[in-house]
Amino acid sequence: LGPTGHWWHAYGVGALTGAIERSGLATGIRYIPALDILDRANGDLAIPTPRGPIIPDQLFALDYGGTYRAFILEYDRGSEPIVSKAARESLDQKLRRYAAAVETDQHRRHYGLRSPLALLFTFTSRVRAEHFLALLKAKYHGLMPMVVFTVLKMDDPLLLQAKDYVTAPWARASGGSFQILAP
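What you are looking at is a predicted structure, and each value in this text was computed from that prediction instead of being measured. (Residues numbered from 1 in each chain as written. Predicted model: local features only at pLDDT ≥ 70, side-chain atom pairs only at ≥ 80, totals over all residues. Heavy atoms only, no water.)

Caption draft 1: Layout of the nonpolar core. Of all hydrophobic cores here, the largest spans 35 residues; its most connected members are Leu119, Phe121, Leu136 and Leu143. If you list the elements that add at least two residues to this core, you get helix H2 (34–41), strand E2 (58–63), strand E3 (68–75), helix H3 (91–103), strand E4 (117–123), helix H5 (126–139) and strand E5 (147–151). Grouped together as the second largest cluster of nonpolar side chains are 22 residues, Tyr31, Tyr75, Ala162 and Phe178 included. (Core = buried A, V, L, I, M, F, W, Y, C linked by side-chain atoms within 4.5 Å. Buried < 20%, exposed > 50% of the residue type's maximum accessible area, 1.4 Å probe, protein only. Helix = DSSP H or I, 4+ residues; strand = E, 2+ residues; numbered from the N terminus.)

Caption draft 2: Geometry of the layout of surface pockets. There is about 250 Å³ of room inside the largest pocket. For the largest pocket, the full set of lining residues is Arg30, Ile32, Asp36, Ile37, Arg40, Ala61, Tyr68, Ala70, Gly112, Leu113, Arg114 and Ser115. Breaking the lining of the largest pocket down by element, the ones donating at least two residues are strand E1 (30–33), H2 and E3. The leading source of residues in the lining of the largest pocket is H2, at three residues. Its residues assigned to classes, the lining of the largest pocket comprises six nonpolar, two polar and four charged. (1 Å grid on protein atoms, 1.4 Å probe; cavity = no way out; pocket = protein on both sides within 12 Å on 5 of 7 lines; lining within 4 Å. Points joined across faces, edges and corners; volume = space filled by probe spheres on them. Nonpolar A, V, L, I, M, F, W, Y, C, P; charged D, E, K, R; others polar.)

Caption draft 3: Quick peek at unusual backbone geometry. The residue asparagine 42 is not glycine, and still its phi comes out positive at about 55 degrees. Classification of asparagine 42 by relative accessible area gives exposed; the value is 73%. Of note in the backbone geometry, aspartate 105 takes a positive phi value of approximately 60 degrees without being a glycine. Take aspartate 105: it is sitting in the loop between H3 and helix H4 (106–111).

Caption draft 4: Layout of the packing of aromatic side chains. Applying the stated rule across the entire model yields eight aromatic pairs. With 5.9 Å between their ring centres and 85 degrees between their planes, tryptophan 8 and tyrosine 11 make a pair best called edge-to-face. Residue tryptophan 8 and its partner tyrosine 11 are both found in helix H1 (residues 7–26); the two are separated by three residues, about one turn of the helix. The class for tryptophan 8 is partly exposed, based on a relative accessible area of 23%. Note on phenylalanine 60 and phenylalanine 71: the rings are 4.9 Å apart at their centroids and 15 degrees apart in plane angle, and the pair reads as stacked. Of the two residues, phenylalanine 60 is situated in strand E2 and phenylalanine 71 in strand E3; the sequence distance between them amounts to eleven residues. (Phe/Tyr/Trp six-rings, centres within 6.5 Å; stacked < 30°, edge-to-face > 60°.)

Caption draft 5: Just the sheet that holds E1, in detail. Read across the sheet, seven strands follow the order E1-E2-E3-E4-E5-E6-E7 without closing on themselves; strand pairing throughout is mixed. Since the sheet does not close on itself, it has two edges, and those belong to E1 and strand E7 (177–178), each with one partner. Summarising the sheet, E1 and E2 pair through four bridges and their orientation is antiparallel. From the neighbouring strand, isoleucine 32 faces E2, where its bridge partner is alanine 61. Packing of H1 onto the sheet brings it into contact with E1, E2, E3, E4 and strand E6 (170–172), and relative to E3 it is tilted by some 155 degrees. Helix-sheet contacts for H5 involve E4 and E5, and the interaxial angle to E5 is about 165 degrees. (Pairing = 2+ DSSP bridges. Contact = heavy atoms within 4.5 Å. Axes fitted to C-alpha atoms, helices over the stretch in contact; angles between N-to-C directions.)

Caption draft 6: Up close: the pairing of E3. Here E3 lies mainly inside the structure; seven of its eight residues are buried. Direction of pairing for E2 relative to E3: antiparallel, over a ladder of six bridges. Residue pairing in the sheet places phenylalanine 60 in a bridge with phenylalanine 71 of E3. Taken together, E2 and the strand that follows it, E3, pair antiparallel across an intervening segment of four residues, in which glycine 65 is found at a positive phi of about 100 degrees.

The following block contains the structure:
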């Protein structure tokens, strides 16, 4: 049947990044896992920012044959509020930390990145994705060029068709589409 509770998050992150790696290999694209990036940078996954550390759900890069792109994946299951005044983690707090990292180039220094970075967000509902996009446009306009997102199909909760998310276009927050397997 599949994982339950908090295991869904780890399962979804693994299924999606595994599909990216397999699809990339099938087309001659090399998948560079977080461990390789972190070893090279002699760092850890948490990016320090003045607003507190931001810990992505996944970090990886793709080598398209000499052209590279790094990716940070945030796999949203709808368990965090969009905005919260409490100490609880919210999408607003997450975006605030990413914005702080991007404004100071901390993500590049921390991970030793020279390539462009895409922030991938997945959502379980179109309405939640629309609320996220409205928040992004209202408060974090500087992140928009690097944010891409998709809405997962809930008729495939086990992500058995995860490769479909890899080959299908994702939406750019700034408009247009984004292909993960295209440099």
